[in-house]
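Take a look at the letters that make up each chain.
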Protein chains: 2
Amino acid sequence: MKVSVYQGPGAAGDVAANVATIASAAERAAGDDARLLIVPEMFLSGYNIGPAAIAERAEASDGAAASAVAEIAARHGLAILYGYPERAGDAVYNAAQLIARDGTRLANYRKTHLFSDIDHNAFSPGDDNAVLAGLDGWRVGILICYDVEFPENVRRLALAGADFVAVPTALMPPYDFVATHLVPARAFENGVFVAYANRCGGEGDLDYLGRSCIVGPHGRDLARAPAAGEALITAELERALLDEWRGVNTYLADREPALYAALARD
Amino acid sequence: MKVSVYQGPGAAGDVAANVATIASAAERAAGDDARLLIVPEMFLSGYNIGPAAIAERAEASDGAAASAVAEIAARHGLAILYGYPERAGDAVYNAAQLIARDGTRLANYRKTHLFSDIDHNAFSPGDDNAVLAGLDGWRVGILICYDVEFPENVRRLALAGADFVAVPTALMPPYDFVATHLVPARAFENGVFVAYANRCGGEGDLDYLGRSCIVGPHGRDLARAPAAGEALITAELERALLDEWRGVNTYLADREPALYAALARD
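Keep in mind that this is a model prediction, so the values were computed, not measured.

### Let's talk about the overall build of chain A
Here is step 1 of the chain: Across its full length, chain A carries 8 helices and 14 strands.
Here is step 2 of the chain: In summary, chain A has a C-alpha radius of gyration of 17 Å against a globular reference of 18 Å for 266 residues, a match within 12%.
Here is step 3 of the chain: Overall size of chain A, expressed as C-alpha extent along the three principal axes, is 50 × 45 × 35 Å.
Here is step 4 of the chain: Across the 266 residues that make up chain A, the buried fraction comes to 61%.
Here is step 5 of the chain: The long-range share in chain A, meaning contacts at least 24 apart out of those at least 6 apart in sequence, stands at 68%.
Here is step 6 of the chain: In the structure as shown, chain A presents an accessible area of about 8,600 Å², 47% of it carried by carbon and sulfur atoms.
Here is step 7 of the chain: Where the 22 positive side-chain charges of chain A centre and where its 35 negative ones centre are 3 Å apart.

So, in structure tokens, the structure goes:
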């Protein structure tokens, strides 16, 4: 399965402009024969725009922007995973929705591990840590930004059967190690592919650090965007590479869960 | 606290020669003002020498070789962590013992995650995954080789209060990613220092890949040995760097253990 990751700054607060950016990225990804496009965290609305502006732009998972993205997906025959603010009753979640290539809504994930004031002031935490969807025979797990930095979260998806973990993100300095080392480590230690779709450029007082990537179960980059500037990167996820490295690294089979009780203890 | 890591090929099966190597490494480490020396996995006996040769050289944690290492430690006022085959009743463990700088035995750890035939044919697994010792006010956790590749194990030590994880190892191709990325990831994601003391050169049909390291909680190398050749690397573990990066990365406080039940389930 060929996967594309879009990296860009987005237009802070301007949902229509961001939908248009998704449309043009989708056209390019489809031109590269990708079957899935991933765009960054909170891409639809902007991220560092303040809790009130986020709440104003929050919508249900079947809202107007979701319909617009679904139309783009169906037009290009391309699945799309996009970050957005989800409204559900009184709660607003930092969410990511996966739309299938026929435009149906396939999965919706709410960020479980909130990061700093920017998340805590705007969002409720999600409570389901293992959202998986089937795509072209691949089991796709979804996480958002800070979630992937916790080894527990990718492990949980791998134990649930994920082959591939897709991560919309918004990573800023001084966390470059996350993009260059921690994300590849998650792929290696779990025998999965990981795609990490970051923002770049400035948004309010934040500068994002780019370096979006698609990494293999060997921990190596299949594709890597630069630190600065809009980019669309594409890579083929090969089942043979997955099988090969699951033979090299037998971590899931060699775990000793009886020793890990402290990890699940409050 | 200054820490030294010795990297070398060892003398397969020759305990007296390996004790002599520890003595000369200890003299150099003490000359660098180190307070702790770490030598590789199964350094005392050799590792890839077959189960029978290992069993012959196995001794109790207070055996003759332990006394010889204790005498070296006391002579140089230097704590020493060394890998050896431990006999306890009918069982043989892949163990690492920490001797204090006055020559007393401080902690003994038995590898819990056995690797491939080389371990499974020779050793019983240990059942205590959180061996910690105090050294100059630092909380030192011990793991051996394959153990550190599982994020669960370093996490468990960090949750138990470790500041520093010391890892005798014997890493061979194609696992170079472990030395260059996974070990730094463990330091970063847990807010601890990690020292990784590998073998180099050949032993039977195995070639070890060196690249021993001491890494900080920022994930960066404080010291790194080359892939080939004997080396003694030394670095200062600074409490200020630990405090700084525990402020940057608040992973331990931000964990959501209620979501991790699957990790401890058989």
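### Re the side chain of Thr-112 of chain B
Here is step 1 of the chain: With respect to the helices, strands and loops of the structure, Thr-112 of chain B is situated in the loop between β5 (105-110) and α4 (116-120).
Here is step 2 of the chain: One polar contact links Thr-112 of chain B to His-113 of chain B, side chain to side chain, over a distance of 2.7 Å.
Here is step 3 of the chain: When neighbours within four sequence positions are excluded, Thr-112 of chain B is seen to be in contact with Glu-256 and Leu-259 of chain A together with Pro-125, Gly-126, Asp-127, Asp-128, Asn-129 and Asp-147 of chain B.

### Quick word on the interface of chain A and chain B
Here is step 1 of the chain: On the chain B side, the residues contacting the 44 residues of chain A number 44 residues.
Here is step 2 of the chain: Of the roughly 3,900 Å² buried between chain A and chain B, counting both surfaces, carbon and sulfur atoms make up 63%.
Here is step 3 of the chain: By the criterion of area lost to chain B, the three top residues of chain A are Phe-177, Leu-259 and Leu-263 of chain A, representing 17% of everything that side buries.
Here is step 4 of the chain: With a shortest N-O distance of 2.7 Å, Arg-186 of chain A and Glu-189 of chain B are connected by a salt bridge.
Here is step 5 of the chain: On inspection of chain A and its partner chain B, the count reaches 18 residue pairs in polar contact (both at pLDDT 80 or more).
Here is step 6 of the chain: Of all elements in the fold, only α5 (151-159), α6 (176-190), α7 (239-248) and α8 (251-254) of chain A reach the threshold of two or more residues within the side of chain A that touches chain B.
Here is step 7 of the chain: In terms of residue count, α6 of chain A provides more of the side of chain A that touches chain B than any other element does, 10 residues in total.
Here is step 8 of the chain: Here the side of chain A that touches chain B is composed, by residue class, of 22 nonpolar, 10 polar and 12 charged.

### Focus: the pairing of strand β11 (residues 206-209) of chain A
Residues and elements named next belong to chain A.
Here is step 1 of the chain: Two elements, strand β10 (residues 200-203) and β11, share 4 bridges in a ladder whose sense is antiparallel. Looking at β11, one finds that Gly-201 is bridged to Tyr-208.
Here is step 2 of the chain: Once β10 ends, the chain turns through 2 residues before running back antiparallel as β11, passing Gly-204 with a positive phi of about 60°.

### Points about the state of the cysteines
Here is step 1 of the chain: Summed over all chains, the structure comprises 0 disulfides over all chains.
Here is step 2 of the chain: No disulfide involves Cys-145 of chain A; its sulfur sits 12 Å from that of Cys-213 of chain A, the nearest cysteine.

Cut-offs and rules
Residues numbered from 1 in each chain as written. Chains lettered and ligands numbered in written order. Predicted model: local features only at pLDDT ≥ 70, side-chain atom pairs only at ≥ 80, totals over all residues. Heavy atoms only, no water. Helix = DSSP H or I, 4+ residues; strand = E, 2+ residues; numbered from the N terminus. Rg over C-alpha atoms; globule rule 2.2 N^0.38 Å. Buried < 20%, exposed > 50% of the residue type's maximum accessible area, 1.4 Å probe, protein only. Contact = heavy atoms within 4.5 Å. Areas by Shrake-Rupley, 256 points an atom, 1.4 Å probe, with all protein chains shown as cover. Lys, Arg positive; Asp, Glu negative; His and termini not counted. Charge placed at Lys NZ, Arg CZ, Asp CG, Glu CD. Polar contact = N/O pair within 3.5 Å; in protein donor to acceptor, adjacent residues only side chain to side chain. Buried area = accessible area lost by both parts, 1.4 Å probe. Salt bridge = Lys/Arg side-chain N within 4 Å of Asp/Glu carboxyl O. Nonpolar A, V, L, I, M, F, W, Y, C, P; charged D, E, K, R; others polar. Pairing = 2+ DSSP bridges. Disulfide = S-S within 2.5 Å.

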